[in-house]
Amino acid sequence: DAKTTQPNSMESNEEEPVHLPCNHSTISGTDYIHWYRQLPSQGPEYVIHGLTSNVNNRMASLAIAEDRKSSTLILHRATLRDAAVYYCILRDRAGAGSYQLTFGKGTKLSVIP
Amino acid sequence: SQTIHQWPATLVQPVGSPLSLECTVEGTSNPNLYWYRQAAGRGLQLLFYSVGIGQISSEVPQNLSASRPQDRQFILSSKKLLLSDSGFYLCAWSGGQGTDTQYFGPGTRLTVL
C-alpha cells in the first residue's frame, strides 16, 4: 500500500468543524482512500472511504483533491467523543495488495471543551 | 447487524504460561478474520488472517499461533508467553474481498510479567 503523511496532532474547539489533512502523493489509480479512528483503549473504527468523488456519511465527509494526491476528513461539529487518533490509509481497489491495513502514526485529535 | 466479541478484556499472565484469546463474529457468514497486535505507543501490526475454516496466513514470525475451528471463531494461542508478547490484541472481520472495510472488536489487553 502507498504511503500517507498526516500531522502528528491537531486541536479543535468543541462544536467547531475540524479538517484533518492527509497527503498521498504516490497514490495509484486503483487505491481507495480509507479513514479509521481509534478512541483511547478501543479498537479502530471505520469512518469513511472514497476513490475520486467527495463522500458523505453520518460520521464525516471526505474531500478528495482533483489530482487525488491529498484528501481531507471533515468532522462538521467536533464533540468530546471525537477525540481520537485518525488514520488515513490507502487500499488497492484491485485487491492486489495484502489483506493488512497499514496503520501509520495518524493524527491525534484533541477536542477542547 | 454484525457484532464481534473478544474475551477476555484484560489478562495478566506470567512469562512462560500459555495463552488463548478468543474472537467470535455474529451476523455474517464466511468472513475474513484478522488478529492484530498494538504494542504500547505503536501502530497496529497484522499477526494472522484467515479467509476460511482451517486457512491461516501468518504475516510475521513469532511466538504465537492462530486457529479457526469454526466459520466465525478465531483463536490466538501461545504455548509459552514472552515479555514481548505484551500488548493490545485486536480481532477484526471483513467481507470476502481483501480490500473490504475491516471491523474491529473491543480488544484484549495482555500484560506478561
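All values reported here derive from a predicted model rather than from experimental measurement.

Caption draft 1: Up close: the side chain of Q6 of chain A. Residue and element names in this part refer to chain A. One can find Q6 in the segment before strand 1 (9-13). A relative accessible area of 15% means that Q6 is categorised as buried. Here the side chain of Q6 touches Y86 through a polar contact of 2.9 Å, landing on its backbone oxygen. There is a polar contact of 2.9 Å between the side chain of Q6 and the backbone nitrogen of C88. Here Q6 is in contact with P21, C22, W35, Y86, Y87, C88, G106 and T107, once residues within four sequence places are set aside.

Caption draft 2: Here's a closer look at the interface of chain B and chain A. Tallying the contact residues gives 20 residues for chain B and 18 residues for chain A. Counting each side, the surface lost to burial between chain B and chain A is near 1500 Å², with a carbon and sulfur contribution of 56%. Our enumeration of links across chain B and chain A arrives at 0 salt bridges. Only strand 4 (32-38), strand 5 (44-52) and strand 9 (87-94) of chain B provide two or more residues apiece to the side of chain B that touches chain A. Looking at the side of chain B that touches chain A, its residues break down into 10 nonpolar, 7 polar and 3 charged.

Caption draft 3: View of the packing of aromatic side chains. Summed over the entire model, instances satisfying the criterion amount to 11 aromatic pairs over all chains. Seen in terms of ring centroids, Y87 of chain A and F103 of chain A are 5.0 Å apart; in terms of plane orientation they differ by 90 degrees. Their pairing is edge-to-face. Here the residue Y87 of chain A occupies a position in strand 8 (residues 84-92), and F103 of chain A occupies one in the loop between strand 8 and strand 9 (107-112), the gap between them amounting to 16 residues. Since its relative accessible area comes to 5%, Y87 of chain A is described here as buried. Looking at F103 of chain A, the relative accessible area reads 8%, which means it is buried. Here the aromatic cluster, defined as three or more aromatic residues joined through ring pairs, consists of Y36, Y46, Y87 and F103 of chain A together with Y34, Y36, W93, Y103 and F104 of chain B.

Caption draft 4: Representation of the environment of L20 of chain A in the model. Counting through the fold element by element, L20 of chain A comes out in strand 2 (residues 18-23). Beyond its immediate stretch of four places on either side in the chain, L20 of chain A contacts M10, W35, S71, T72, L73, Y86, T107 and L109 of chain A.

Caption draft 5: Highlighting the nonpolar core. All names here are of chain A. In terms of nonpolar packing, the biggest core is built from 21 residues, with L20, I33, W35, L73, L75, Y86 and L109 touching the most fellow members. The element contributing the most residues to this core is strand 8, with 4 residues. Once residues lying within four places of it in the same chain are set aside, the contact partners of I33 are H24, I27, I48, H49, G50, L62, I64, R68, S71, C88, I89 and L90.

Caption draft 6: Local environment of the pairing of strand 9 of chain B. Residues and elements named next belong to chain B. Judged by how many residues are buried, strand 9 sits mostly within the fold: 8 of 8 residues are covered. Strand direction decides the pairing type here: strand 4 and strand 9, joined by 7 bridges, are antiparallel. The residue of strand 9 that forms the bridge with R37 is Y89. As defined by bridge partners, strand 9 adjoins strand 11 (residues 108-112) across 3 bridges and the pair is classed as antiparallel. Opposite G87, over in strand 11, you have L110 as the bridge partner. Pairing analysis gives 2 bridges linking strand 9 to strand 10 (residues 103-104), with the strands arranged antiparallel.

Caption draft 7: A look at the pattern of salt bridges. All chains considered together, the criterion is met by 5 salt bridges over all chains. With a closest N to O distance of 3.4 Å, R77 of chain A and E15 of chain A form a salt bridge. You can see R77 of chain A sitting in the loop between strand 7 (70-75) and strand 8 and its partner E15 of chain A sitting in the loop between strand 1 and strand 2, a full 62 residues away along the chain. What makes R77 of chain A exposed here is its relative accessible area of 54%. For D71 of chain B, the salt bridge identified is with R68 of chain B, shortest N-O distance 3.2 Å.

Caption draft 8: Focus on the sheet that holds strand 8 (residues 73-78) of chain B. All names here are of chain B. Sheet architecture is open: 4 strands sit in the order 1-3-8-7, paired in antiparallel fashion. Strands at the two margins of the open sheet, each flanked by one partner only, are strand 1 (3-7) and strand 7 (65-70). In this sheet, adjacent strand axes meet at a mean angle of 20 degrees when their direction is disregarded. Summarising the sheet, strand 7 and strand 8 pair through 4 bridges and their orientation is antiparallel. Directly across from A66, in strand 8, lies its bridge partner L76.

Conventions adopted
- Residues numbered from 1 in each chain as written.
- Chains lettered and ligands numbered in written order.
- Predicted model: local features only at pLDDT ≥ 70, side-chain atom pairs only at ≥ 80, totals over all residues.
- Heavy atoms only, no water.
- Helix = DSSP H or I, 4+ residues; strand = E, 2+ residues; numbered from the N terminus.
- Buried < 20%, exposed > 50% of the residue type's maximum accessible area, 1.4 Å probe, protein only.
- Polar contact = N/O pair within 3.5 Å; in protein donor to acceptor, adjacent residues only side chain to side chain.
- Contact = heavy atoms within 4.5 Å.
- Buried area = accessible area lost by both parts, 1.4 Å probe.
- Salt bridge = Lys/Arg side-chain N within 4 Å of Asp/Glu carboxyl O.
- Nonpolar A, V, L, I, M, F, W, Y, C, P; charged D, E, K, R; others polar.
- Phe/Tyr/Trp six-rings, centres within 6.5 Å; stacked < 30°, edge-to-face > 60°.
- Core = buried A, V, L, I, M, F, W, Y, C linked by side-chain atoms within 4.5 Å.
- Pairing = 2+ DSSP bridges.
- Axes fitted to C-alpha atoms, helices over the stretch in contact; angles between N-to-C directions.

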